[in-house]
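The lines below spell out each chain.
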Amino acid sequence: MGVAKTLYLLTALLATLWHPTACTTPKLAGKATDDEARQYLEEVLESRYSGACNTQITTRWAYITNVTTETAEASTAADTAFLEFQASIQAEILANFSNWREFNDSQVRREFQYLSIKGPARMPPTDVSNMNKLQSSMETAYATAAVCDFRNSSKCDLRLDPEIEEKLRTATDWDELAYYWTEWHNAMSNAVRPANYTLFIRWQNEMARANGFNDMSQMWLTGYDDESPDFDAVIFKRQMLDIWEELRPYYNILHAYVRMKLRRLPEYQDRITKYGYLPAHILGNMWGQDWAHLDNKTKPFPNAPSLDATDAMIRANYTTLKMFQESDKFFTDLGLLPMTPAFWNNSMLERPSDGREVVCHASAEDMCLGKGSTDFRIKQCTKVTMDDLVTVHHEMGHIEYFLQYTDEHYIFRDGANPGFHEAIGDALALAVVTPKHLQCVLNLDLGLDIDCSNTTVYQADTVTETDYNFLFITALQKFVFFPFAISMDSWRWEVFEGKMSEYNYNTRWWELRQKNQGIEPPFPRNASDFDATAKYHIVANVPYIRYFVSHILQFQFYEAMCKAAGEFDPDNNSSKPLYQCDFSGSRDAGTLLGNMMKLGFTRGWPTALEAITGSRNMSIAPLLNYFKPIFDLMQKDLVDNGEEPCFGPSCEEVAKKYLSEKLEKEASALHTKSAHAEWAYSTNLTNDEAKKEVEKVNLEYSSYEKKEWKEYISQFKYETFNDSAIRRQFKFLNDIGISALNESDVVEFNTVSSEMKKIYGTGKICPFSMQECNITTNGLSLNPDLEEILAKVKDYDEMAYVWKSWRDATGAKIRPLYYKYIDLQNKAAKANGYDNAGEYWIRKYESPDFRKDLEELWQDVKPLYAELHAYVRHKLVKEFPGKVKPDEPIPAHVLGNQWSQSFDNLYHFVVPYPNATSFDITEVLKQKFTPDVVGVRGIFEVANDFFLSLGLPDMKMAYGDKALIVKPKDREVVCHASAWDFSDGKDFRIKMCTNVDQKDFITIHHELGHINYYLNYKHQPLTFRTGANPGFHEAIGDVVALSVSTPKHMSTIGYLNFSESSHESTINYLTQIGLEKIAFLPFGYLIDNYRWKVFDGTIPKDKLEYHWLKMRNEYQGITPPFNRSEMDFDPGAKYHVPGGTPYIRYFVSFILQFQIHKTLCVEAGQYPQGPLHNCDIYKNAAAGTKFRKLMEAGFSKNWQDLLFEVTGTNKLDASAIKEYFKPLTDFLTELRTREGYPIGWSNTEFEKFYTPS
């Protein structure tokens, strides 16, 4: 029959059913009596409604058992026609029975109540038609979707049922399972797009509003009306969610137990985390709603018999027909009605063998013939499995319900609520799947030691291994279902209520599934996916909360029938446990059930529930009673194995406890141990035992860090936690640096690092005047010997010799080790999830634009440096005529510093106004303080006083007896100044080979700045006991130094006789500060810029020296005094390179310190009242309070947020440093213009000093 003809006949047939001339309708004026209403319902409406329904369901049956374009269009037309019929009945009721709420007969009132909302009401017919067409197309897409075979890409006809479902149940390959899961979800995501679903939801809500509801979710839930005066859909939703919250702790136990068991399997131990989600694709079910197929991998007693009867069924030659026959017998043995001949003749019990596409999703259909009907059918692609044996009983439970209430009017031919219909068969199946029933009634050989003739009861406290396994697999089917069911309709309720946009459909879908089910997809899913459509009930628009309700009711029904059968007595301690009850054959149980089913929808569901259970309330008590033994066992096993029944966000308290009670104590103790070992070696480089101890402790800490990361830190889904502080700790704890490497790599890294540091720390050269010296007795160390020679800026050749010799003694020897260091750093970075070590190093700056921001900062401050460079070169041309050229880069060795990172030692050469006031307090310091420990400690006291004056913590312990503040004469030490936190909240120390001069006076304040930072954040957890970003730590002490170095402060503390500044003195002072601060900027920027390029491969290993020279030329405007080649490695002559210390922190700090200084000066009331460069916050409590706030936070906040709190801006900003030095830059620009010396340099000059290897 053609489609057009089919549609015509359907329309014509249905028209006769509701056309006014087709039947006798009482002629009423809008109101009717009870008798008139009863007459209408019985004599007029019932036959019309049943006839219209039968036409619709017959056409639908033709479609779902033979999916073609023609049957789909016919079914859609029938659905539309039926809805139009229902709308006409609604209109008829409104017109003729508008007073139905006033009827005395409660049954008549109830019938009219639900008839009045059964249909689309005044929804435009075009919208009704379009809605049905769209739903049909979605359902057709589901029925016809197919994917390709994982192992044969040319075979692309695999349907969900049975092929894909079978793959998910039986495949063991992780990738294969992930493939089928993903391909099915992709197939449905592509077939049903969010925009189409949004349109469908709009029409659904339109129909709901036409019936007086706010949205379709409210209309869906009318079937759960408990006849109480305050019933409301919102209240019912809350009740269901509350029930789920009661069940959640039990589900979490089951989830954790399964997770624990799976993690013990080799194939999953590195794929499933201890506190994380379960991968959705390995659960044996496309939606994770049934985990029964994990039973063999996870059951409590692996050696006890399996409770999956599939193999036994196959051995017993079970067929599909036999499964249905056994189910039919089960019903009739209870005294219930048998399946009808029409059922056996018309049902589709297996997938057709003729190649037809069918909707395989199991369903039971009432063909709507009404009173006396026998035509009820099942559609199921049955397979001989235990799962399908349960499904057979489930679907035949629907049929039995149909049979029991078939004589009722159309509106009452339904379950007491939608969950009742689903619960009937499942309650019966609970008896069927008991081990005794399977083996003794169905004669399936499960290998169980069961005496089928023994009818004695079990003792309640006797639980066998077989019992535990039975309860476990049942829990994998029943309990696992709850979170999926609540997630399904929670999601749709929110969609109907308009609580999410279509862009968020998939995000919210996975939020709910992760929150409730604790599962995650095998691959990330995004907003363009639409994974909800992978479930039939979404595309078929079948409400799903009914299944949640049914999974509660079935245990209430089961318990009631067990009591009726005498199989269970909760008041008798000798009664067999509920889970052993098999009421098969009990006529008393059957009568109880049958009487409830006969009620259909004629009464409110509490009345029906009371009829079978004696209670009017849903209760999870029978469910929990049934599963109590297995949950007790699982809980005990979890406790015994240190497992927690939580996942994702529900593990937050566990995570907090871990951090505070375990990690904090253990890691702090190891940090303390490591610090002591490092201190012992750094203060005695010739002590080989100390070196070995460092290596040992470092390895111990690395092993601990990796162990904790593997066993705990990486196991939490910290991103889901509510507490931002906990999330932040775990975010950075998951970066474990070198510890991510395997042990041999860690050992090698530590060896390489120690050796590089030792080369640097013990590096010596012979004096210029004795170049063939005994290095042990006559060798010169970097500090103080070489630094003093370069600081004098005297003998051009001697300085060149010192510059080169230091690099020969350190960098050149370090280079071979640095190759391996690069590889291991990159390997560790990748193990931590970063592309290379450079990316890892900048992670704590927490900005994707960090490098871009730095380049912008550099470009902003570059003119300051260029102006200073031009001025210094102009002066040095006169000092070293012919050797320093007026328009070329400056020779690196004449700048007074081994690395040209500071020009402050050139001050006496370049001071603009030699006759103006001098600000060098070195001589004053030497008069006041001796260079021994006692004298140097006095300088520290002066610095400590500055901090105390701000109301900040006392730091006496940092330069006390445990500290090293003067270079010892009896051993080699790492003289590089550093501040130490021993992680015990008490021990803080300075290590510094102090010289009594102005430079070290300032350095002392810098290092004590670190100590004060330590003291201010010592209350923070270990992860937060560091700077807000690495640059903050360097900036703190320098902020203080900006006040300390002012002539104003020097005068205040009596080290300088200075009353009032002049233009000349100001320029001299800013020149002195600029020779340190401005001169440092390009060096601070280039060191890590260089290393980032080394790490990412931009700079190859065979061109390390070339690119170093190039960048030094480009950024600093300097060139080496001698030719260099790839035999050299000049970066290694700087401590931070062999020391593995990221350096960009210093560049950041040199910008940041001026920002903070400006803020504190405003707080102190000294700016903008006075110039920024003259501000001294000494003894200012307000500035100290703000300073403390900055330090107390440690790393607990994003530095940008903290910076905003303190300064009012969340970005690094060069405006403060430019403002600070503006008088100087204005002076230098004017001087250069007046004297005509050049600015800038050639960026290729370095080529003259490079010899290719």
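Residues numbered from 1 in each chain as written. Predicted model: local features only at pLDDT ≥ 70, side-chain atom pairs only at ≥ 80, totals over all residues. Heavy atoms only, no water.

Draft legend 1. Expanded view of the pairing of strand E2 (residues 363-366). Alternating positions in E2 separate into two faces, Ser-363 and Glu-365 on one and Ala-364 and Asp-366 on the other, with burial throughout. One ladder, built from 4 bridges, connects E2 with strand E3 (residues 376-379); its direction is antiparallel. Across the sheet, Glu-365 pairs through a bridge with Arg-377, a residue of E3. (Buried < 20%, exposed > 50% of the residue type's maximum accessible area, 1.4 Å probe, protein only. Helix = DSSP H or I, 4+ residues; strand = E, 2+ residues; numbered from the N terminus. Pairing = 2+ DSSP bridges.)

Draft legend 2. Main features of helix H45 (residues 1181-1192). Relative to the 16 Å expected for 12 residues at 1.5 Å per residue, H45 spans 16 Å between its end C-alpha atoms, a close match to the ideal helical length. Taken residue by residue, H45 has Ala-1183, Gly-1184, Phe-1187, Leu-1190 and Met-1191 as its buried positions. Summarising the axial view, the buried residues of H45 lie within an arc of 120 degrees, below the 170-degree limit, and thus occupy one face. Its buried side turned inward, H45 meets helix H39 (998-1016), helix H40 (1030-1044), helix H44 (1144-1163) and helix H46 (1199-1207). Capping the start of H45, Asn-1180 holds a side-chain oxygen 3.2 Å from the backbone nitrogen of Ala-1182, two or three residues further along. Following H45 by one or two positions, Gly-1194 has its phi on the positive side, about 55 degrees. (Expected span 1.5 Å × (residues − 1). Arc of directions from axis to C-beta. Contact = heavy atoms within 4.5 Å. Polar contact = N/O pair within 3.5 Å; in protein donor to acceptor, adjacent residues only side chain to side chain.)

Draft legend 3. Expanded view of unusual backbone geometry. Cis geometry is adopted by the peptide bond preceding Pro-162, which originates at Asp-161 and carries an omega value of 15 degrees. By the element assignment, Pro-162 lies in helix H6 (residues 160-170). A positive phi angle, near 55 degrees, is found at Asn-443, a position not held by glycine. Inspection of the secondary structure assignment puts Asn-443 in the loop between helix H17 (435-441) and helix H18 (465-478).

Draft legend 4. Representation of the state of the cysteines. A complete count under the given rule lists 9 disulfides for this structure. Cys-148 shares a disulfide with Cys-156; S-S distance 1.9 Å. Since a negative S-S torsion denotes a left-handed disulfide, the Cys-148-Cys-156 link at about 95 degrees is right-handed. Take Cys-156: its relative accessible area is 37%, and that puts it in the partly exposed class. A disulfide bridge connects Cys-360 with Cys-381, and the sulfur atoms are separated by 1.9 Å. Between Cys-360 and Cys-381 the disulfide shows an S-S torsion of about -85 degrees. By sign, it is left-handed. Of this pair, Cys-360 sits in the loop between helix H14 (341-346) and E2 while Cys-381 sits in the loop between E3 and helix H15 (386-405), placing them 21 residues apart in sequence. Neither Cys-360 nor Cys-381 differs from the other in exposure class; each is buried. (Disulfide = S-S within 2.5 Å.)

Draft legend 5. Structural detail: the packing of helix H35 (residues 850-879) against H44. As a packed pair, H35 and H44 sit with axes 12 Å apart at the nearest point and diverge in direction by 55 degrees. One finds that H35 runs oblique with respect to H44. By crossing handedness, the relation of H35 to H44 is classed as left-handed. Between H35 and H44, the contacting residues are Phe-850, Leu-854, Leu-857, Trp-858 and Val-861 on the first element and Ile-1144, Phe-1147, Val-1148 and Ile-1151 on the second. (Axes fitted to C-alpha atoms, helices over the stretch in contact; angles between N-to-C directions. Parallel < 35°, antiparallel > 145°, perpendicular 65-115°, else oblique. Left-handed = near helix turned anticlockwise from the far one by under 90°.)

Draft legend 6. Expanded view of the pairing of strand E9 (residues 988-991). Side chains of E9 alternate between two faces, with Phe-988 and Ile-990 and Arg-989 and Lys-991 buried alike. Sheet topology note: the strand E8 (residues 978-981)/E9 ladder contains 4 bridges and is antiparallel. Each residue of the ladder has a partner; that of Ser-978, found in E9, is Lys-991. Once E8 ends, the chain turns through 6 residues before running back antiparallel as E9, passing Ser-983 with a positive phi of about 60 degrees.

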